[in-house]
Amino acid sequence: MNNLERLILYYLAGRVFIPAPRYLIYNATWRCDLFCRHCGVWEAKKRGELSPENLEKIINRKFFSKIDTVWLTGGEPTLRPDLNRLARIFRLRLPAMRILGIASNGSATERVISRLEEILSELDPDRHGLFIQLSLDGIGEVEDRIRGKQGVFAGLSQTVKEIDLLKKKYPERKIELGFNCVIQRQNVAQLNEIKEFAVSKGAGLTFNVIEITDQGYNNKQREEELAFHQEEKGEAKRFLRKLISGSEPGFRYHYRSILSVLDGKTRNRRCLSLYSTLVIDSDGSWLPCPLCSEWMRVNFLEMDPGKFWKGKEARALRRKAAQELCPSCMLSCSVGDSLSLREFFSGGF
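Residues numbered from 1 in each chain as written. Predicted model: local features only at pLDDT ≥ 70, side-chain atom pairs only at ≥ 80, totals over all residues. Heavy atoms only, no water.

### Describing a nonpolar patch on the surface
We apply this condition: Here, patches come from residues exposed beyond 30% relative accessible area and free of salt bridges, joined within 9 Å for like charges and within 5 Å for nonpolar side chains (Val, Leu, Ile, Met, Phe, Trp, Tyr). All accessible areas in this document rest on Shrake-Rupley with a 1.4 Å probe, and a residue is counted as covered only by the protein chains that are shown. Basic side-chain nitrogens of Lys or Arg form a salt bridge, by our definition, when they fall within 4 Å of a carboxyl oxygen of Asp or Glu. Only DSSP runs of H or I reaching four residues or more are called helices, and only runs of E reaching two or more are called strands; each is numbered from the N terminus.
Side chains of Leu4, Ile8, Tyr11, Leu12, Val16, Phe17, Leu341 and Phe345 sit close together on the surface and give an oily, nonpolar patch of about 740 Å² of accessible area. Mapped by element, the contributors of at least two residues to the nonpolar patch are α1 (3-12) and α14 (341-345). Considering every element that reaches the nonpolar patch, the biggest residue donor is α1, with 4 residues. Position of valine 16 among the secondary structure elements: in the loop between α1 and β1 (23-27).

See the structure below:
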């Protein structure tokens, strides 16, 4: 999207019109090979996984014609051996796609690199970039402890090296690496080290703050273990305040929103992910957002997603989320989606 489109989205989406989604997230699997304390995907009830043929049935519609960014997430998406087939479907059925992203914990280097090469073989080098986002929640033993498994940081570090070799192997391809960090009790003392690690690898880094919920993250049962103490919250806030000045515009707004919520106030900008982003769960059902993942289950194999997207049920859920969840949400789902008038005239993104 350009800045004018972001401006229109910010003020008019849901008020004047329902835009077609620009981002598609396919939650490819609920399986995971790690045991993270802040994420309970690994202990949640497993859902079925769409065959490539059934995924194609869902997205082979005009409704998806404006999708320019696709994400493969999970669970751990590289546990699926058919990611190349999924990439082929996206290439053939999503004419506006420019970027295919994949989110991974990065711990199983050989498997991750093999999947990335298979995906690259299906993408058009002249049209498609590949973005790899690796989870990075600590350095060394802290990462291993958070992930619930020894050797995770060593595996992640090796994967980063192999991705760099992959870039050199395919110099004509647009391959980008980024990291995502969930700020939590166990890593607040390492946030500067985490940032320095990402900088040393020439990779971007997004910070989110832990959300404790019985929805998608399935970690409510560990609330006492995970909830910030006052001192840790203060440390996180100090880090974010320093981070703002050196961040790009979209992330400055994101980190200011986090600080507002941590200060007991509300998010200071609209979240438009329920207008810009369509999330399809592993079994083909709609996953509205991580904080309301179980509010409504609609099977897109049985219902046309385009009709549902603009229907009464989806509109009602968006209103409910805006009232009950968005004011205190600290996730980065809608970073880059929109611009206020002030932001637009100051140059936008």
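### A look at the nonpolar core
In globular proteins that are soluble, nonpolar side chains generally tend to be buried together. Basically, it comes down to this: The nonpolar core is taken to be a set of buried Ala, Val, Leu, Ile, Met, Phe, Trp, Tyr and Cys residues, with the residues joined through side-chain atoms within 4.5 Å. To sort residues, take the accessible area from a 1.4 Å probe on protein chains only and compare it with the maximum for the residue type: under 20% means buried, over 50% means exposed, and anything in between is partly exposed. Whether two residues touch is decided by their heavy atoms; if any such pair falls within 4.5 Å, the residues are in contact.
In this structure, Phe90 and Trp286 are the most contacted members of the largest nonpolar core, which totals 92 residues. For this core, the leading source of residues is strand β5 (residues 175-183), giving 6 residues. The residues touching phenylalanine 90, leaving out its near neighbours within four places in the chain, are Leu24, Tyr26, Leu55, Ile59, Val70, Leu72, Met97 and Leu100. Trp30, Leu34, Cys36 and Val152 belong to the second largest nonpolar core, which has 7 residues in total.

### What about the pairing of strand β6 (residues 204-209)?
For the record, the criterion: Consider the strands pointing away from the viewer: the crossover is right-handed when the path from the first strand over the helix to the second runs clockwise.
Where burial is concerned, most of β6 is hidden: 5 out of the 6 residues are buried. Handedness of the β5-helix α7 (residues 191-200)-β6 crossover: right-handed.

### Focus on the packing of helix α2 (residues 52-59) against helix α3 (residues 83-93)
To keep it simple, the criterion reads: Geometry is summarised by axes, namely lines fitted to C-alpha atoms with helices restricted to the contacting stretch, and by angles between N-to-C directions that run from 0 to 180 degrees. The scheme is simple: roughly parallel for angles under 35 degrees, roughly antiparallel for over 145, roughly perpendicular for 65 to 115, oblique for anything else. We call a crossing left-handed when the near helix sits turned anticlockwise from the far one by less than a right angle, and right-handed when that turn is clockwise. Residues are grouped as follows: Ala, Val, Leu, Ile, Met, Phe, Trp, Tyr, Cys and Pro are nonpolar; Asp, Glu, Lys and Arg are charged; all remaining types, including Gly, are polar.
Where α2 meets α3, the axes come as close as 10 Å, and the angle between the chain directions of the two elements is 20°. In terms of orientation, α2 and α3 fall into the roughly parallel class. For the crossing formed where α2 meets α3, the hand is right-handed. Within the contact between the two elements, α2 uses Pro52, Glu53, Leu55, Glu56 and Ile59 and α3 uses Arg85, Leu86, Ile89, Phe90 and Arg93. Here the contact of α2 with α3 is built from residues that sort into 6 nonpolar, no polar and 4 charged.

### What about the pattern of salt bridges?
Taken as a whole and assessed by the stated rule, the structure comprises 27 salt bridges. Between aspartate 304 and arginine 61 there is a salt bridge, with its nearest N and O atoms 3.6 Å apart. Of this pair, aspartate 304 sits in the loop between β7 (277-280) and α12 (305-309) while arginine 61 sits in the loop between α2 and β2 (69-73), and the two are 243 residues apart along the sequence. On the accessibility criterion, aspartate 304 (28% relative accessible area) is partly exposed.

### Some points on the packing of aromatic side chains
Defined as follows: Here is the rule: rings of Phe, Tyr and Trp (six-membered ring for Trp) pair when centre to centre is within 6.5 Å. Planes less than 30 degrees apart are stacked, more than 60 are edge-to-face, and the remainder are tilted. For a ring to carry a charge above it, either NZ of a lysine or CZ of an arginine must fall within 6 Å of the ring centroid while also lying within 35 degrees of the normal to the ring plane.
Per the stated rule, a full pass over the model turns up 12 aromatic pairs. Judged by centre distance (5.4 Å) and plane angle (85°), the rings of phenylalanine 35 and tryptophan 42 are edge-to-face. The exposure class assigned to phenylalanine 35 is partly exposed, which follows from its relative accessible area of 37%. For the ring pair phenylalanine 344 and phenylalanine 345, a centre distance of 5.4 Å and an interplane angle of 80° mean the geometry is edge-to-face. Of the aromatic side chains, those joined through ring pairs into one cluster are Phe63, Phe64 and Trp309. Across from the ring centre of tryptophan 30, 5.5 Å away, lies the NZ or CZ of arginine 47, which sits over that ring. Between the NZ or CZ atom of arginine 318 and the centre of the ring of tryptophan 309, over which it lies, the distance is 4.6 Å.

### Details of the state of the cysteines
What counts is decided by this rule: Cysteine sulfur atoms that come within 2.5 Å of each other are treated as a disulfide pair.
In this structure the tally under the stated criterion is 0 disulfides. Free of any disulfide, cysteine 292 has its nearest cysteine sulfur in cysteine 289, 3.4 Å distant. Take cysteine 326: it sits in no disulfide, and the sulfur closest to it among the cysteines is that of cysteine 271, at 4.8 Å.

### Some points on unusual backbone geometry
Its identity is not glycine, yet asparagine 218 carries a phi of approximately 50°, on the positive side. Secondary-structure assignment places asparagine 218 in the loop between β6 and α8 (223-226).

### As for helix α6 (residues 152-169)
Our working definition: Multiplying 1.5 Å by the residue count of a helix minus one yields the expected span of that helix.
In this model α6 runs 25 Å from its N-terminal to its C-terminal C-alpha over 18 residues, within 8% of the 26 Å that 1.5 Å per residue would give. Within the span of α6, buried status applies to Val152, Phe153, Gly155, Leu156, Ser157, Thr159, Val160, Ile163 and Leu166. Next to the buried residues of α6 lie α4 (109-122), β4 (129-135), α5 (141-147), β5 and α7.

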